[in-house]
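Structural characterization, general
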Amino acid sequence: MRIYLDNSATTRLDDDALAEMMPYFTEKFGNPSSLHAYGREALKAVDEARAEIASLIGAKASEIYFTSGGSESDNWALKGAIYASKAKHKHIVTTAIEHPAIIETCEYLEKKDGVSVSYVPVGKDGRVTPEAVIKAVTPDTTIVSVMFANNEMGAIQPIKEIGAFCREEGILFHTDAVQAMDSQAVDVNELNVDMLSMSAHKFHGPKGIGVLYIRSGVRIDRLIAGGHQERRGRAGTTDTPLIVGMAAALRKAVAHRDEVNARVAKLRDGFVARVLKEIPYVYLNGGMEHRLPNNANFSFGFIEGESILINLDLNGIAVSSGSACSSGSLEPSHVILALGVPEELAHSSIRFSLGRDTTEEEMEYTFKVLKESVEKLRSISPLFNMEKGTGSYV
Ligand SMILES: *Cc1c(COP(=O)(O)O)cnc(C)c1O
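By convention here, each chain's residues receive numbers from 1 onward along its written sequence. With the structure being a predicted model, the display of local features is reserved for residues of pLDDT at least 70 and the display and counting of side-chain atom pairs for 80 or more, all residues being used for whole-chain, interface and lining totals. To obtain the side-chain values, all non-hydrogen atoms of the structure were used and water was disregarded.

**Topic: the packing of helix α9 (residues 305-314) against helix α12 (residues 360-379)**
Let me state the cut-off plainly: Interaxial angles span 0 to 180 degrees and are taken between N-to-C directions of axes, which are lines fitted to C-alpha atoms, for helices over the stretch in contact. A run of H or I in DSSP becomes a helix once it reaches four residues, and a run of E becomes a strand once it reaches two; helices and strands are each numbered from the N terminus. With respect to orientation, any angle under 35 degrees is reported as roughly parallel, any angle over 145 as roughly antiparallel, any angle of 65 to 115 as roughly perpendicular, and every other angle as oblique. Helix crossings get a hand from a simple test, with the near helix turned counterclockwise from the far one by less than a right angle marking a left-handed crossing and a clockwise turn marking a right-handed one. Contacts are residue-level and defined by heavy atoms, with any inter-residue pair within 4.5 Å sufficient. Residue polarity is assigned by list, with Asp, Glu, Lys and Arg as charged and Ala, Val, Leu, Ile, Met, Phe, Trp, Tyr, Cys and Pro as nonpolar; anything else, Gly included, falls into the polar class.
Where α9 meets α12, the closest approach of the two axes is 10 Å, and the angle between their N-to-C directions is 130°. Accordingly, the angle class assigned to the pair α9 and α12 is oblique. Note on packing geometry: the crossing formed by α9 with α12 is right-handed. Contact residues: Ser307, Ile308, Asn311 and Leu312 in α9; Val369, Leu370, Ser373, Lys376 and Leu377 in α12. Split by residue class, the contact of α9 with α12 holds five nonpolar, three polar and one charged.

Pasting the structure below:
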């Protein structure tokens, strides 16, 4: 049995999206910038995909810029805004739990360009308050960037409220909505965002394609110079098949959103309740109220997250420990630490991210294997054998 519970890392390409993409790899291979029939045929597909993606998020087609994915969109939004600003002092307000594509871009801008950055902390539930974000804003603030939903523990942030404040104050507001597109209603006007990042492979689209939505009137520098593609915003030959696949995947995700959310949340809720009840010394990271329906993230006392991951993998179950991007490093996740979780427990965090194809049988089997793995690992853990029974841990 193979069970995939790592849908926040990437998702399986949708079959219908693949079918729509195929002709643009083969007979319809033209460059959309070419004036001849081959080019026009490809351009038509790109135009249609752009219009469709725009309409699915309440935007205009001219506000959709294709990129190579979420990381590029995040880099572009921040660097583009900072480099376009003529102000002497530049300041970014973001959060302590952003994806590395935001955090490391901020660190780069701090080091290379002397930009100051405020990282707003989150509560135990993994959320910033609009008040804390507003308090961090200064007269020097160039841009505010707050992720829509967190990729590790699924906390959904108060984007609309933060956006309303930024709109009122005339401050640029960007959100990394990569984890939200699948399950949340995303309307750029309702959310009051000026820029929004997405990535197709997080909603059953192809890898290597994303969008940066840029509200008309917002001026940012371009990151990639060269040809005049994407209204001169982003050079590079337009990737027709990936763009077509992204639109197809988003269309399907939006069409089935409510039904998938309900089914996935029910499986997740049952799993969380059972883990908390039947496995001792286990802690749920993040709150349940404002959380992505497919996310469960736990810390297990006395054992390493990596050991659990390996045990589950030996049984065909794919999960992740910390964030996928930082696994391989021994640093505990900055997101789990930001929740106030002690370092040992941050080291033992495991993310289960369910998907639209996840079944009850799979979650049943996963629970069984998880429980056995935790028991087995604890039976050989000297720390556990020393401390158990005292109930004093944490
Ligand atoms: C996956 C992810 C990204 C990066 O997207 P890529 O398309 O893989 O570059 C950025 N932000 C968040 C929140 C993500 O989950």
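Further notes follow.
**Some remarks on the pattern of salt bridges**
Condition: Here, a salt bridge means any side-chain nitrogen of Lys or Arg that lies within 4 Å of a carboxyl oxygen of Asp or Glu. Relative accessibility under 20% of the residue-type maximum defines a buried residue, over 50% an exposed one, and the middle range a partly exposed one, all with a 1.4 Å probe and only protein chains included.
The full count for this structure, using the stated rule, is 17 salt bridges. The closest approach of N and O atoms between Asp194 and Arg215, which form a salt bridge, is 3.6 Å. Of the two residues, Asp194 sits in the loop between β6 (172-176) and β7 (195-199) while Arg215 sits in the loop between β8 (210-214) and α7 (240-255), which places them 21 residues apart along the sequence. The pair formed by Asp194 and Arg215 is uniform in burial state, with each residue classed as buried. A salt bridge links Arg274 to Glu278, with the nearest nitrogen and oxygen atoms 3.3 Å apart. Of this pair, Arg274 and Glu278 both sit in helix α8 (residues 257-278), four residues apart, roughly one helical turn. For Arg274, a relative accessible area of 28% gives the class partly exposed. Residues joined in a network through salt bridges with shared partners are Asp14, Asp16, Lys252 and Arg356.

**Here we look at the packing of aromatic side chains**
Rules: What counts as a ring pair is set by centres within 6.5 Å for rings of Phe, Tyr and Trp (its six-membered ring), and what kind of pair is set by the plane angle: stacked under 30 degrees, edge-to-face over 60, tilted for all other angles. As a reminder, the over-ring test applies to NZ of lysine and CZ of arginine, requiring each to be within 6 Å of the ring centre and within 35 degrees of the ring normal.
Inspection of every chain in the model, using the stated rule, returns nine aromatic pairs. Between Tyr281 and Phe302, the aromatic rings sit 5.1 Å apart at their centres with planes inclined by 85°, giving edge-to-face as the arrangement. One end of the pair, Tyr281, is in the loop between α8 and β9 (282-284); the other, Phe302, is in the loop between β10 (295-300) and α9, and 21 residues separate them in sequence. Judged by its relative accessible area of 22%, Tyr281 is partly exposed. With relative accessibility at 9%, the residue Phe302 sits in the buried group. Seen in terms of ring centroids, Tyr281 and Phe384 are 5.8 Å apart; in terms of plane orientation they differ by 80°. Their pairing is edge-to-face. Remark: Phe384 occurs in helix α13 (residues 382-387) and Tyr281 occurs in the loop between α8 and β9; sequence separation between them is 103 residues. Among the aromatic residues, ring-to-ring pairing joins Phe271, Phe298, Phe300 and Phe352 into one connected group. Here the basic side chain of Lys79 rests over the ring of Tyr108, its NZ or CZ set 4.7 Å away from the ring centre.

**Looking at the state of the cysteines**
Our working rule: Here, two cysteine sulfur atoms that lie within 2.5 Å of each other are counted as a disulfide.
Evaluation of the coordinates by the stated rule reveals zero disulfides. No disulfide involves Cys106; its sulfur sits 14 Å from that of Cys166, the nearest cysteine. Its relative accessible area of 1% is what places Cys166 among the buried residues.

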